[in-house]
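Chains, contacts and geometry: an overview
Read off the chains here:
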Amino acid sequence: MPAPELLHLSSDSEFAELRIIPQHHGPITEETLKQLLKLPEFSMMMPLEKAIHTAVKDVNDLLGKSEGEHELVFRVAERRDGQVSVEASKDKMQASMTLKAPWGGKAVALQDVLQQLKQKNICMGLSKQKIEALLQSAGKLNPGEDISGLIAVGKPAVNGTHAKLVRKVPLARERLLQPQERADGTVDMRNLGSVVMVRPQELLMEKIPATSGCKGYNVNGDIIPAKAGKDVEMKAGEGTAVAADNPLQLLATTPGQPVEIRNGMQVDDVLHIKDVDVGYGNVDFKGSVLISGDVCEGMQVRSSGDITVLGFVESAQLEADGDITVSKGVLGRQLGGNELSTRLCAKGQISAQFVQYSHLQSVGNILITKQLLHSHSVTDAKLIVSDSSGRRGDLVGGWVKAEQGIQAVTIGATADTKTELYCAMKLDELKLKLKELEASMRQLVVAKLDMEARLRRLPPKAEWQHDNAMVEQVKFMLEQKHTIEAELAQEEIDTDLMRHNTDNYYQHNHMEIKRRMYANVEIHIGAAQHKTQREHGPCIVANQGAEVSFDYSNHA
């Protein structure tokens with residue numbers, strides 16, 4: 001190792017200088033020179049790797065040469081102050097700080113941190129405790145070591161919640177499979193309870209308003225706007241009215257049967273019939289229809305409200321603007337040309353215990369609690385074939401088109417009965433609607449900018465504030481601007497919701513088998529197709545990557 005006296009402090013004490021005469025003290029190596037720098041007086045200084053390499057090369061190159069008789073001076077280490085760096089994340093929602101311990105220089109102080117924060121414009125969400133803790137920890141580091149940690153966190157915006165309509169009364173369909181308990185604790189499977197009726201002033205529905213949300217901010221102090229929730233208008237159908245003292249409550253104004261309509265309720269007169277047969281004739285009633293017996297072959301029942309049948313429907317036609325509920329069974333037979341003798345159409349939901357050889361069509365869900373056999377079912381919502389316990393529910397034969405998905409305990413049969421299933425077939429329609437919404441938004445943005453430009457071009461207010469015609473014109477322009485802004489805000493909410501539904505379309509719309517699916521079941525989910533060749537256990541069947549996938553993970 002070179003003699004310790006060859007290493008000196010520079011005149012300003014900032015550097016370690018190697019003063020060496022190559023002929024007298026060489027040769028040297030980088031390793032021995034670094035050992036020399038570990039002397040107490042220099043150990044806190046930062047070795048300068050490039051200078052050390054140069055010093056060793058130059059000294060060794062001059063060995064045996066006349067130039068090697070002269071003293072050479074190399075600065076091989078230096079004092080270096082501690083360093084602080086602050087970086088914001090890409091989304092500017094977090095900021096982290098890195099502290100590097102000094103090499104014999106000044107440690108980073110709080111003032112240095114504050115100056116760095118100012119330079120990086122990080123001013124919100126700062127934690128004084130975390131900054132002080134990092135400074136304290138940095139003081140225990142060896143020279144040149146560093147430590148990092150999070151020191152600022154922004155506050156994300158909290159989007160508003162959508163308005164909700166909460167129904168406060170039961171519906172006729174909810175009586176299905178809710179038998180009454182006897183005094184001794186047993187259940188009367190034939191008694192489904194009294195007919196649901198309401199009285200004037202009874203609360204039917206309550207609206208939970210949309211919320212505007214809460215603004216957020218990033219670590220630079222930029223405000224992150226919140227998206228307001230989507231509002232929904234509560235509609236008062238016939239026999240109902242919004243409460244005079246509370247616009248969020250919908251009350252009955254007449255006695256009758258409550259019927260759910262789109263975004264509201266109505267109260268219907270109820271027509272009570274024992275049986276609909278040739279003796280009674282077809283039914284076309286403005287209101288709800290309650291049939292305590294059966295709807296017989298060849299008969300037709302039309303209602304502007306709900307149709308509730310406590311018995312059977314056999315080879316008949318039922319059409320309702322509300323729900324159709326059949327407490328027992330729906331029976332039909334196959335006619336020529338693949339037609340079926342029984343047809344149920346509802347703008348609400350269809351519910352029954354047992355259905356065979358029937359055509360079911362609804363806007364709302366179709367709920368079959370026991371068996372759906374060899375039928376044709378079409379719904380804009382879900383088809384569910386299951387009792388409340390999820391233990392029984394057979395879907396066998398025929399075909400189903402349920403846009404929002406299919407749920408059943410068992411699909412198909414051991415005899416490999418052909419069963420066709422279709423769901424999630426309208427993604428292209430959703431994408432088209434999304435494009436239309438985005439185009440409409442662009443038009444509104446252009447209209448808003450145009451109106452703002454027109455307002456900016458107005459002469460100073462002092463020149464026209466006493467001109468009534470001009471004042472009215474400005475008022476009209478401002479009203480137009482506010483109208484455009486309100487429409488734009490609403491379309492932004494609708495577009496975001498539509499984009500979310502489109503992006504997550506196949507996650508939301510799929511098939512669920514609770515027990516098993518047999519062979520010869522044709523599955524269509526969007527453009528993806530699959531025909532089962534074997535039995536499948538409980539699973540979720542979905543469109544994944546344009547192919548039908550079976551996920552058994554949640555049913556192990």
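Here, every reference points to the structure presented above.
Overview of the structure.

What counts and how
Residues numbered from 1 in each chain as written. Predicted model: local features only at pLDDT ≥ 70, side-chain atom pairs only at ≥ 80, totals over all residues. Heavy atoms only, no water. Helix = DSSP H or I, 4+ residues; strand = E, 2+ residues; numbered from the N terminus. Rg over C-alpha atoms; globule rule 2.2 N^0.38 Å. Buried < 20%, exposed > 50% of the residue type's maximum accessible area, 1.4 Å probe, protein only. Pairing = 2+ DSSP bridges. 1 Å grid on protein atoms, 1.4 Å probe; cavity = no way out; pocket = protein on both sides within 12 Å on 5 of 7 lines; lining within 4 Å. Points joined across faces, edges and corners; volume = space filled by probe spheres on them. Contact = heavy atoms within 4.5 Å. Polar contact = N/O pair within 3.5 Å; in protein donor to acceptor, adjacent residues only side chain to side chain. Axes fitted to C-alpha atoms, helices over the stretch in contact; angles between N-to-C directions. Core = buried A, V, L, I, M, F, W, Y, C linked by side-chain atoms within 4.5 Å. Salt bridge = Lys/Arg side-chain N within 4 Å of Asp/Glu carboxyl O.

**Here's the deal with the overall build of the chain**
Within the chain one finds nine helices and 41 strands. Rg of the C-alpha trace for the chain: 40 Å, well past the compact-globule value of 24 Å for 556 residues, more than 25% over. Across its three principal directions, the C-alpha atoms of the chain cover 135 × 85 × 50 Å. The buried share of the chain, taken over its 556 residues, is 41%.

**Examining the pairing of strand β21 (residues 288-291)**
A two-sided burial pattern is seen for β21, the buried positions comprising Ser288 and Leu290 on one face and Val289 and Ile291 on the other. For strand β19 (residues 270-273) and β21, the ladder comprises four bridges, and the chain directions are parallel. Looking at β21, one finds that Val270 is bridged to Ser288. Bridge analysis of β21 against strand β23 (residues 307-309) gives three bridges, and the strand direction is parallel. Following the sheet pairing, Ile291 is matched in β23 by Val309.

**Observations concerning the layout of surface pockets**
Here the largest pocket is characterised by a volume of approximately 1700 Å³. Lining of the largest pocket is provided by 38 residues; of these, Arg262, Asn263, Val363, Asp380 and Gln404 occupy positions nearest its centre. Elements represented by at least two residues in the lining of the largest pocket include exactly β8 (164-167), β17 (257-261), α6 (427-456), α8 (468-503) and α9 (505-508). Here the lining of the largest pocket gets four residues from one element, more than from any other, and that element is α8.

**Section: the environment of Arg302**
Position of Arg302 among the secondary structure elements: in strand β22 (residues 300-303). It is 14 Å that separates the C-alpha atoms of Arg302 and Thr342, two residues lying 40 residues apart in sequence. Those residues in contact with Arg302 that lie beyond four places of it in its chain are Val283, Asp284, Phe285, Glu319, Ala320 and Asp321. A polar atom in the side chain of Arg302 sits 3.2 Å from the side chain of Asp321.

**Considerations on the sheet that holds strand β2 (residues 15-20)**
If you walk across this open sheet you meet the four strands as β1-β2-β4-β3, and the pairing is antiparallel. Each edge of the sheet is formed by a strand with only one pairing partner; in this case those strands are β1 (7-9) and β3 (46-47). Both β2 and strand β4 (residues 72-78) contribute to a ladder of six bridges, which runs antiparallel. Residue Arg19 lies in a different strand from β4, and its bridge partner there is Val73. Packed onto the sheet, helix α3 (residues 49-61) meets β2, β3 and β4 and runs at close to 155° relative to β4.

**A short note on the side chain of Asn218**
Structurally, the position occupied by Asn218 is in the loop between β12 (216-217) and β13 (223-224). A polar atom in the side chain of Asn218 sits 2.9 Å from the backbone nitrogen of Asn220. Excluding its chain neighbours within four sequence positions, the residues that come into contact with Asn218 are Lys92, Met93, Met124, Gly154 and Ile224.

**What about the nonpolar core?**
One finds Val295, Leu318, Leu395 and Val541 to be the most contacted residues of the largest nonpolar core, which totals 54 residues. With four residues, α6 is the single largest residue contributor to this core. Leu395 has contacts with Leu372, Leu383, Val385, Val400, Ile406, Ala408, Thr410, Ile411, Gly412 and Leu421, leaving out every residue within four places of it along the chain. Counting 18 residues, the second largest nonpolar core, distinct from the first, contains Ile20, Leu33, Val59 and Ala77.

**Observations concerning the pattern of salt bridges**
Counting across every chain of the model gives 23 salt bridges. Here Asp494 makes a salt bridge to Lys230, at a shortest N to O gap of 2.4 Å. With Asp494 in helix α8 and Lys230 in the loop between β13 and β14 (235-236), the pair connects residues that are 264 residues apart, well separated along the chain. Across the pair Arg499 and Glu438 runs a salt bridge whose closest N-O atoms are separated by 3.1 Å. Taken as a pair, Arg499 in helix α8 and Glu438 in helix α6 lie far apart in primary sequence, 61 residues in all. Connected through salt bridges with shared partners, the residues Lys227, Glu438, Asp496 and Arg499 form a single ionic network.

These figures capture arrangement, not role.
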